[in-house]
Amino acid sequence: MSAPSNTTTRRVEGTPKVIVTRHLMPSIEARMSELYETTLNTQDTPFSRDQLATAMADCNVLVPTVTDRIDADLIEGADDRLKLIANFGAGTDHIDLAAAARRKIMVTNTPGVFTDDTADLAMTMIIGVPRRIRDGVALIRRGEWTGWAPSALLGRQLGGKTLGIIGMGRIGQAVAYRAKAFGLNIAYHNRKPLPQAVETMFGATYVGDLDTLIAEADILTLHCPSTEESQHMIDARRIGLMKPGASLINTARGDLVDYEALIAALEGGALIGAGLDVYPEEPKVDPRLLAHPNVMTLPHIGSATVEGREASGEKVIANIRFWADGHRPPDQVLDALV
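Residues numbered from 1 in each chain as written. Predicted model: local features only at pLDDT ≥ 70, side-chain atom pairs only at ≥ 80, totals over all residues. Heavy atoms only, no water.

Our next topic: the UniProt feature "domain: D-isomer specific 2-hydroxyacid dehydrogenase NAD-binding" (unreviewed entry) in the protein. According to UniProt, the positions carrying the feature "domain: D-isomer specific 2-hydroxyacid dehydrogenase NAD-binding" (unreviewed entry) are residues 123-302. The annotated region residues 123-302 carries 33% helix and 17% strand content, and the separation between its end C-alpha atoms amounts to 11 Å. (UniProt positions renumbered as here; feature names shortened; annotations may be inferred. Helix = DSSP H or I, 4+ residues; strand = E, 2+ residues; numbered from the N terminus.)

This next bit is on the domain arrangement of the protein. The figure often quoted for interface size is the accessible area lost as the parts come together. Annotation of the protein at the domain level lists domain 1 (17-113 + 305-336) and domain 2 (115-143 + 153-297). Its C-alpha centre places domain 1 at a distance of 31 Å from the equivalent point of domain 2. Each partner contributes residues to the interface: domain 1 has eight residues there, and domain 2 has five residues. In this assembly, domain 1 packs against domain 2 so that about 510 Å² is buried in total across both faces, 39% of it on carbon and sulfur atoms. Considering only the side of domain 1, the residues that lose the most area to domain 2 are Asp-93, Gly-112 and Thr-305, jointly responsible for 62% of the buried surface there. When grouped by side-chain class, the residues that make up the side of domain 1 that touches domain 2 number three nonpolar, four polar and one charged. (Domains from an automatic or database assignment. Contact = heavy atoms within 4.5 Å. Buried area = accessible area lost by both parts, 1.4 Å probe. Nonpolar A, V, L, I, M, F, W, Y, C, P; charged D, E, K, R; others polar.)

Those residues of helix α6 (residues 133-141) that fall on the buried side of the exposure criterion are Asp-135, Gly-136, Ala-138 and Leu-139. Looking down the long axis of α6, one finds its buried residues gathered within 165 degrees of arc, a one-sided arrangement. Residue Gly-143 follows α6 closely and has a positive phi angle near 70 degrees. (Buried < 20%, exposed > 50% of the residue type's maximum accessible area, 1.4 Å probe, protein only. Arc of directions from axis to C-beta.)

Among all residues save glycine, negative phi is the norm, and among peptide bonds the norm is trans. The amide bond that connects Glu-282 to the next residue, Pro-283, takes the cis arrangement and shows omega of 10 degrees. If you trace the backbone, Pro-283 turns up in the loop between β12 (271-276) and α12 (287-291). Notably, Lys-104 is not glycine yet its phi reads approximately 60 degrees, a positive angle. Its place among the elements puts Lys-104 in the loop between α4 (97-102) and β6 (106-108).

This part takes up the nonpolar core. Within soluble globular proteins, side chains that are nonpolar tend to cluster in buried spots. With 31 residues, the main nonpolar core has Ile-166, Leu-220 and Ile-234 as its most contacted residues. Elements represented by at least two residues in this core include exactly α9 (210-216), β10 (219-222), β11 (246-250), α11 (259-267) and β12. It is α11 that provides the largest number of residues to this core, a total of six residues. Beyond its immediate sequence surroundings of up to four residues, Ile-234 is in contact with Ile-166, Ile-214, Leu-220, Leu-222, Ile-239, Leu-248, Leu-256, Val-257 and Asp-258. The next biggest cluster of nonpolar side chains, apart from the first, holds 26 residues, and it includes Met-123, Met-125, Ala-174 and Ile-219. (Core = buried A, V, L, I, M, F, W, Y, C linked by side-chain atoms within 4.5 Å.)

On the surface, a cluster of nonpolar side chains totalling about 450 Å² of accessible area is made up of Ile-140, Trp-145 and Trp-148. With respect to the helices and strands, the residue Ile-140 is situated in helix α6. (Patch = residues over 30% accessible without salt bridge, like charges linked within 9 Å, V, L, I, M, F, W, Y side chains within 5 Å. Areas by Shrake-Rupley, 256 points an atom, 1.4 Å probe, with all protein chains shown as cover. Salt bridge = Lys/Arg side-chain N within 4 Å of Asp/Glu carboxyl O.)

Turning our attention to the environment of Ala-217. By secondary structure assignment, the location of Ala-217 is in the loop between α9 and β10. Look at Ala-217 and you get buried, because its relative accessible area is 1%. As a C-alpha pair, Ala-217 and Tyr-188 span 29 residues in sequence and 9.5 Å in three-dimensional space. Look past the residues within four positions of Ala-217 in its chain and what remains in contact with it is Thr-162, Gly-164, Lys-243 and Ala-246.

Turning next to the pairing of strand β8 (residues 185-189). Across the five residues that make up β8, a large majority, four, are buried. Bridge count for strand β7 (residues 162-166) against β8 is five bridges, and the pairing is parallel. Bridge pairing links Ile-165 to Tyr-188 in β8. Between the parallel elements β8 and strand β9 (residues 204-206), the chain passes through helix α8 (residues 196-202) in a crossover that is right-handed. (Pairing = 2+ DSSP bridges. Right-handed = clockwise from strand over helix to strand, strands pointing away.)

Turning our attention to the pattern of salt bridges. In this structure the tally under the stated criterion is 18 salt bridges. For the salt bridge of Asp-218 with Lys-243, the shortest nitrogen-to-oxygen distance reads 3.2 Å. In this pair, Asp-218 sits in the loop between α9 and β10 while Lys-243 sits in the loop between α10 (236-241) and β11, placing the two residues 25 residues apart along the sequence. According to the relative accessible area criterion, Asp-218 is buried, its value standing at 18%. On the basis of relative accessible area, Lys-243 is assigned to the partly exposed category, the value being 28%. Taken together, the salt bridges that share partners define one network made up of Lys-17, Asp-58, Asp-79 and Arg-81.

The structure is reproduced here in structure tokens:
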């Protein structure tokens, strides 16, 4: 099969053939092209399913991103030459790891590099939603602001409020670290409690029952992976447990939340607002979310910094080099050991 029409290939004889599904940082693409026979996506449009199948039939290493849904059928159809899926990004829920393991295809990712970037963005919305930042910016841009008034655009204080964190991994802890400086009380739910010393450092309290955490939080922020168990974990029943005037922040995955239930709660006034960087059918965003005056809608930019994207690309290159040299890559995904 031939490469997709929106790609360009640079050949380095005797090296693994690498296909990259999206446009990466120029320095990363240049280095990959120096090291390997590399096919780059010149137009930066997501590969179609047929393009993914074509790529997986014609390379040794596939470098996908979160926009590429690599399911069992695609993996089963891959050529025997495909031996490594070097994912650009930490999440691997878009890759069927079990199917990859059955085909003896190694999977790597790039953990840790987007932790601070995503935590910074989450804090932007943790602050911005209670203070009605989106509503205020829109008022100015519409030319309707008539000046300061003692009762205009009243938001909520952060100090003393409870921030509920679901998922206390790297990003959740980075959010807790930032939130503590704003005087928020930190409560969290995780598969298991953190060590006491870590809880003390963040001033965080473990809540073993998720429903209890949701009911206690003034601001609820999600930092957990997408799995079969976590899909729609924030559903109508759990949204109904939230305090009147609470808000929801989601920088993790769109399918963690039942967005129909969220929209109903927002339109009915049960929640004061939401901060959203991810959606269930990206790039589609429900127009009702766009219309709400206190919903901050961002275009999946939690990891969108020059530094983070370069660091992720460097990890991809390191993983490929270790694999090509016959060594175990530093970021091999353990669920896909082969």
